[in-house]
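# Architecture at a glance
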Amino acid sequence: MSTIKLSYPITHDDKTISEITMRRPTVRDHIWLDHQEAKMKREGKVIDDVERDSMMYARLTEEDYAPEVLQKLDMSDWGKCRRFYLNCLKPSDDSNQTTEMN
């Protein structure tokens, strides 16, 4: 878990949100996101990268925020969420394993 302090707090449902706690993503989270995107496509909806990211980040919040809540974030705070997420995808420094990509 990582707590992200917002530089620009937002308001939702008459509550001020000044920090967001996010957990590390799992493979299951990515499967879920792919299924959500496929469902939306079947319904004729187009989803862009930022909407896709907001769905994933919302899923990772301990507070269980809806994507629409995270879409209220200032871009600098959005960047903090993005950095956390992308850092989770990096291989650990202590990994000595080799893959076909290495």
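Shown above is the structure to which this text applies.
Now for a description of the structure that goes with this document. The structure presented is a predicted model; accordingly, all values stated were derived computationally and were not measured.

### Here's the deal with the pattern of salt bridges
- All told, the structure shown has seven salt bridges when counted by the stated rule.
- Between Glu 43 and Lys 45 there is a salt bridge whose closest N-O contact spans 3.4 Å.
- Its salt-bridge partner being Arg 82, residue Asp 53 comes within 3.0 Å of it at the nearest N-O pair. In this pair, Asp 53 is assigned in helix 2 (residues 49-60) and Arg 82 in helix 4 (residues 75-89), connecting sequence segments 29 residues apart.
- Classification of Arg 82 by relative accessible area gives partly exposed; the value is 36%.
- Three or more residues joined by partner-sharing salt bridges are found here, namely Arg 23, Asp 29 and Arg 59.

### Observations concerning the pairing of strand 2 (residues 15-22)
- Pairing of strand 1 (residues 2-12) with strand 2 involves seven bridges; the strand directions are antiparallel. Within the sheet, the bridge partner assigned to Thr 3 lies in strand 2 and is Thr 21.
- What sits between strand 1 and strand 2 in their antiparallel hairpin is a turn of two residues, with Asp 13 showing a positive phi close to 50°.

Criteria and thresholds
Residues numbered from 1 in each chain as written. Predicted model: local features only at pLDDT ≥ 70, side-chain atom pairs only at ≥ 80, totals over all residues. Heavy atoms only, no water. Salt bridge = Lys/Arg side-chain N within 4 Å of Asp/Glu carboxyl O. Helix = DSSP H or I, 4+ residues; strand = E, 2+ residues; numbered from the N terminus. Buried < 20%, exposed > 50% of the residue type's maximum accessible area, 1.4 Å probe, protein only. Pairing = 2+ DSSP bridges.

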